[in-house]
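# Inside the fold
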Amino acid sequence: MSNWIWENEAPKDEGRLKRAAKVKVDSLSINENECKGVFIGSEGTIYQTDLETCSCPDFAIKQGYIPCKHILRLAMEAGIINANGNTPQQQRLADIAALRQQIASAYGFYYHFDSPIMPDKKYDELKARLADLEAK
Ligand SMILES: [Zn+2]
C-alpha cells in the first residue's frame, strides 16, 4: 500500500476532500487484489486511477507528491480514509483528543465557577465514550 498523505499527520485539504466526494465515478474495482477506479473529468475525459497514481493533469502537476481528488475518492470507496481524510486510527485519535478537550473544559468550568456547563449524565457519557475509545 502506498504511503500517501493519509498516513501523515499533515493537515487535510478540506477543499480537495469535498471535491473528491463529488467527483463522477465511472467504475470501481475494489477487492483484495485490486484497487482501481475510472473517473470522468469535467470535459468528459476518462482518468485511470489506482492508489499510487492517476492519469489526470492535477496529479501530473503535483508530480505525485499529493493525492488528487480521484485517488482520495478511491481511498474513500475502499474504506482506507473517511470523508474527513482520516484513516480509522487517525479518526480514533482525533475523537479522543476532542473528547478530552470537552471533558477538560467541562471539568475546568465546574472547578472555577462551581457551576456545571453540562448535566452530570452528559459528562459521564463523555467519559464513558473516551474510556471506550482509549480501550480500542
Ligand atoms: Zn486524478
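For the structure itself, consult the block above.
Residues numbered from 1 in each chain as written. Predicted model: local features only at pLDDT ≥ 70, side-chain atom pairs only at ≥ 80, totals over all residues.

To continue, consider the pairing of strand S2 (residues 35-40). The alternating pattern of S2 places Cys35, Gly37 and Phe39 on a buried face and Lys36, Val38 and Ile40 on a face that is not buried. In this structure, strand S1 (residues 24-30) lies alongside S2, joined through six bridges in antiparallel fashion. Considered in S2, the bridge of isoleucine 30 is made with cysteine 35. Where S1 hands over to S2, the hairpin turn is made up of four residues, counted between the paired strands. As defined by bridge partners, S2 adjoins strand S3 (residues 46-50) across five bridges and the pair is classed as antiparallel. Bridge pairing links glycine 37 to threonine 49 in S3. Here S2 folds back onto S3, and the loop between the two strands holds five residues, one of which, glycine 44, carries a positive phi near 85 degrees. (Buried ≥ 20, exposed ≤ 12 C-beta atoms within 10 Å, placed from the backbone. Helix = DSSP H or I, 4+ residues; strand = E, 2+ residues; numbered from the N terminus. Pairing = 2+ DSSP bridges.)

Our next topic: the environment of leucine 28. Checked against the element boundaries, leucine 28 lands in strand S1. Setting aside residues no more than four positions away along its own chain, leucine 28 makes contact with Gly37 and Glu77. (Contact = placed C-beta atoms within 7 Å.)

Between its first and last C-alpha, helix H4 (residues 88-113) extends 37 Å over 26 residues, near the 38 Å set by a 1.5 Å rise per residue. Taken from the residues just after H4, aspartate 114 is the one with a positive phi, measuring 55 degrees. (Expected span 1.5 Å × (residues − 1).)

Once that is clear, we can look at the nonpolar core. For soluble globular proteins, the rule of thumb is that nonpolar side chains tend to be buried together. Judged by nonpolar contacts, the single largest core of 14 residues is most densely connected at Cys54, Cys56, Cys68, Ile71 and Ala75. Secondary structure elements with two or more residues in this core: S2 and helix H3 (69-77). With four residues, the top contributor of residues to this core is H3. The residues contacting cysteine 56, other than those within four sequence positions of it, are Gly41, Tyr47, Cys68 and His70. (Core = buried A, V, L, I, M, F, W, Y, C linked by C-beta atoms within 7 Å.)

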